[in-house]
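Here are the chains, one letter per residue:
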Amino acid sequence: MVIEPKMRGFICLTAHPEGCEKAVLNQINYIKSKGQIEGPKKVLVIGASTGFGLASRITSAFGANAATIGVFFEKPPLDGKTASPGWYNSAAFQTQARESGLYAKSINGDAFSNEIKQKTINLIKSDLGKVDLVIYSLASPVRTHPVTGITHRSVLKPIGSPYTNKTVDFHTGNVSTITITPCTEEDINNTVAVMGGEDWEMWIDALIKADALSDHAITLAYSYIGPSLTEAVYRKGTIGKAKDHLEATAFKITDKLQSLNGKAYVSVNKALVTQASSAIPVIPLYISLLYKTMKEKGIHEGCIEQIQRLFKERLYTGNGVPTDEKGRIRIDDWEMRKDVQDKVAELWSLATTENLPEIGDLQGYKSDFLNLFGFGFADVNYAKDVNENITIDGLQ
Ligand code: NAI
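Residues numbered from 1 in each chain as written. Predicted model: local features only at pLDDT ≥ 70, side-chain atom pairs only at ≥ 80, totals over all residues. Heavy atoms only, no water.

Engineer: Could you clarify how one ought to interpret the sheet that holds strand E5 (residues 104–108) in this entry?
Structural biologist: Taken in spatial order, the seven strands of this open sheet run E5-E4-E3-E6-E11-E12-E13, and their pairing is parallel. The two strands at the open ends of the sheet, each matched to only one other strand, are E5 and strand E13 (329–330). Sheet topology places strand E3 (residues 42–46) next to strand E4 (residues 67–72); five bridges connect them, and they run parallel. Looking at the pairing, Lys 42 lines up with Ala 67 of E4. Contacts between helix H6 (residues 198–209) and the sheet are confined to E3, E4, strand E6 (131–136), strand E11 (213–223) and strand E12 (263–268), with E11 contributing the most and set at about 170 degrees to the helix. (Pairing = 2+ DSSP bridges. Helix = DSSP H or I, 4+ residues; strand = E, 2+ residues; numbered from the N terminus. Contact = heavy atoms within 4.5 Å. Axes fitted to C-alpha atoms, helices over the stretch in contact; angles between N-to-C directions.)

Engineer: I keep staring at the layout of surface pockets and nothing clicks. Help me out?
Structural biologist: Picture a little ball the size of a water molecule; that probe, rolled over the atoms, points out where space is still empty. Of the voids in this model, the second largest pocket is the one considered here, and its volume is about 550 Å³. Lining the second largest pocket are 22 residues, with Ala 23, Gln 27, Cys 303, Asp 368 and Asn 371 positioned closest to its centre. If you list the elements that add at least two residues to the lining of the second largest pocket, you get helix H1 (17–33), helix H2 (51–64), helix H10 (303–315) and helix H13 (362–372). Split by residue class, the lining of the second largest pocket holds nine nonpolar, ten polar and three charged. (1 Å grid on protein atoms, 1.4 Å probe; cavity = no way out; pocket = protein on both sides within 12 Å on 5 of 7 lines; lining within 4 Å. Points joined across faces, edges and corners; volume = space filled by probe spheres on them. Nonpolar A, V, L, I, M, F, W, Y, C, P; charged D, E, K, R; others polar.)

Engineer: I keep staring at the site of the ligand and nothing clicks. Help me out?
Structural biologist: In the neighbourhood of the ligand, 30 residues make up the surrounding shell, with Ser 49, Glu 74, Ala 111, Lys 243 and Thr 274 lying closest. Here Gly 51 contributes a backbone N or O atom positioned 3.5 Å from an oxygen atom of the ligand. Tyr 222 places a polar main-chain atom, nitrogen or oxygen, 3.4 Å from an oxygen atom of the ligand. Relative to its unbound accessible surface of 840 Å², the ligand loses 93% to contact with the protein. Breaking the shell around the ligand down by element, the ones donating at least two residues are H2 and E11. For the shell around the ligand, the per-class residue count stands at 14 nonpolar, twelve polar and four charged. (Near = heavy atom within 4 Å. Polar contact = N/O pair within 3.5 Å; in protein donor to acceptor, adjacent residues only side chain to side chain. Areas by Shrake-Rupley, 256 points an atom, 1.4 Å probe, with all protein chains shown as cover.)

Engineer: So what exactly am I meant to see when it comes to the packing of aromatic side chains here?
Structural biologist: The relation between two aromatic rings is expressed through the spacing of the ring centres and the mutual angle of the planes. If you walk through the whole model with that rule in mind, you get nine aromatic pairs. Geometrically, the ring pair formed by Phe 62 and Phe 93 is edge-to-face, given 5.9 Å between the ring centres and 85 degrees between the ring planes. Here Phe 62, found in helix H2, pairs with Phe 93, found in helix H3 (residues 85–99); they are 31 residues apart in sequence, far enough to count as distant. An aromatic cluster is defined as three or more aromatic residues linked by ring pairs; in this entry it consists of Phe 170, Tyr 365, Phe 369 and Phe 373. Across from the ring centre of Trp 334, 3.6 Å away, lies the NZ or CZ of Arg 309, which sits over that ring. (Phe/Tyr/Trp six-rings, centres within 6.5 Å; stacked < 30°, edge-to-face > 60°. Lys NZ or Arg CZ within 6 Å of the ring centre and 35° of its normal.)

Engineer: What am I meant to see in the side chain of Gln 27 here?
Structural biologist: The topology assignment puts Gln 27 in helix H1. We classify Gln 27 as buried; its relative accessible area is 16%. Apart from residues no more than four positions distant in its own chain, Gln 27 is found in contact with Leu 54, Ala 55, Ile 58 and Ile 304. (Buried < 20%, exposed > 50% of the residue type's maximum accessible area, 1.4 Å probe, protein only.)

Engineer: Would you take a moment to explain helix H4 (residues 114–128) for this structure?
Structural biologist: Working note: α-helix, 3.6 residues per turn, so residues spaced by three or four point in the same direction. The terminal C-alpha atoms of H4, which comprises 15 residues, lie 20 Å apart, in line with the 21 Å expected from a rise of 1.5 Å per residue. Those residues of H4 that fall on the buried side of the exposure criterion are Ile 116, Lys 117, Thr 120, Ile 121, Leu 123, Ile 124 and Leu 128. With its buried residues spanning 160 degrees around the axis, H4 presents them on a single face. Facing away from the buried side of H4 by more than 90 degrees, the exposed set consists of Glu 115 and Ser 126. (Expected span 1.5 Å × (residues − 1). Arc of directions from axis to C-beta.)

Engineer: Is there a simple way to explain the confidence of the model for the protein in this structure?
Structural biologist: Predicted coordinates in regions of low pLDDT should not be interpreted in detail. Chain-level statistics for the protein give a pLDDT mean of 97 and a share of 100% at 70 or above. Across the protein, element-level confidence peaks in E3 with a mean pLDDT of 99 and bottoms out in strand E1 (residues 7–8) with 88. (pLDDT = per-residue confidence, 0-100.)

Engineer: Any chance you could explain a nonpolar patch on the surface here in plain terms?
Structural biologist: On the surface, a cluster of nonpolar side chains totalling about 250 Å² of accessible area is made up of Phe 10, Ile 11 and Leu 13. With respect to the helices and strands, Phe 10 occurs in the loop between E1 and strand E2 (11–12). Given the relative accessible area of 43%, Phe 10 is considered partly exposed. (Patch = residues over 30% accessible without salt bridge, like charges linked within 9 Å, V, L, I, M, F, W, Y side chains within 5 Å. Salt bridge = Lys/Arg side-chain N within 4 Å of Asp/Glu carboxyl O.)

Here is the structure:
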């Protein structure tokens, strides 16, 4: 079928298999161009099909020759209906891994469930024995708790008082003012249940119990801080409470890994266009101003550049892991530079519908967003009939 983008709000309902393959190949080529990393050898990536998790899987496999098992929750294709982009990304990743002689298997299902944890552990035990790196990169709006059966839904809201600020509809470029009403106590609890550290800890508990972690194993989850401009809706909002919980969980997990000499880290990453971040109000305007500023300064990075730097210059330096005073790895260092943030704040005060295409990188935002779904690549022929019914090699 001929596949075109079908936008609904901050989501695109279609995905292009050849465009997704292109996106994966670009990331693999970037990693190969940066040389080998003395990194992990057997890696489990939970949330491996898009964004930071996919970049982590690609960096492990093509940067460090690691065997990888990827867990994700993606929609398979149906006749006449495309799969979700993470499905096509994973199909492309698996094909490339096989052609390069790298072990790679994938599991599609709800990572929050006991069933998928057990299936993953069985696969590790039978194929790899143990893993030495576990990346936890889930971003989800909903989690059904495996013990209580309760389905929690996360919300993206400020805490305490309403928050009013500028935002942009990145499809139309329209800059407007929005007011977001504050959350309830229950909203906070639900958001922490979905995006906090409980499920990460459950994964590590299950892996320890099954003796599926190597000596000196590392586990890593991703967090975000960002500037004061966005803190009411992000770091001091409901999602920030979940990130506080995730960061605190790293210490709990490190204690549990003591007998293995293992360690849990949280890496604070840069704000980037992903399916998860485009759903957060205000953030797209911030990202379009940030991209413009960082591109002008020659320090812009996407997911793959971030994770390559994270592996090479933070996690696997051969000389310890540098962290901030709260024990977090910081790979948002360039985003948070004073000159970058001063410039973004200045642009923020000026931003209007009329001037945003000029003072912000709205085009870059839109193009990254389209790329997430496999659209907008110059060398993909979108007028051509393509097979939407792609299978994933190595899917369990
Ligand atoms: P994403 O939306 O690109 O990726 C989410 C991944 O989780 C996908 O592989 C998806 O299949 C998987 N997933 C979702 N629900 C699942 C479930 N129930 N079972 C199995 N897999 C499931 O998100 P992104 O942006 O890469 O986020 C990953 C982490 O990075 C999150 O913790 C996020 O908060 C963090 N982060 C994101 C930043 C950003 O600007 N995008 C900045 C800093 C941190």
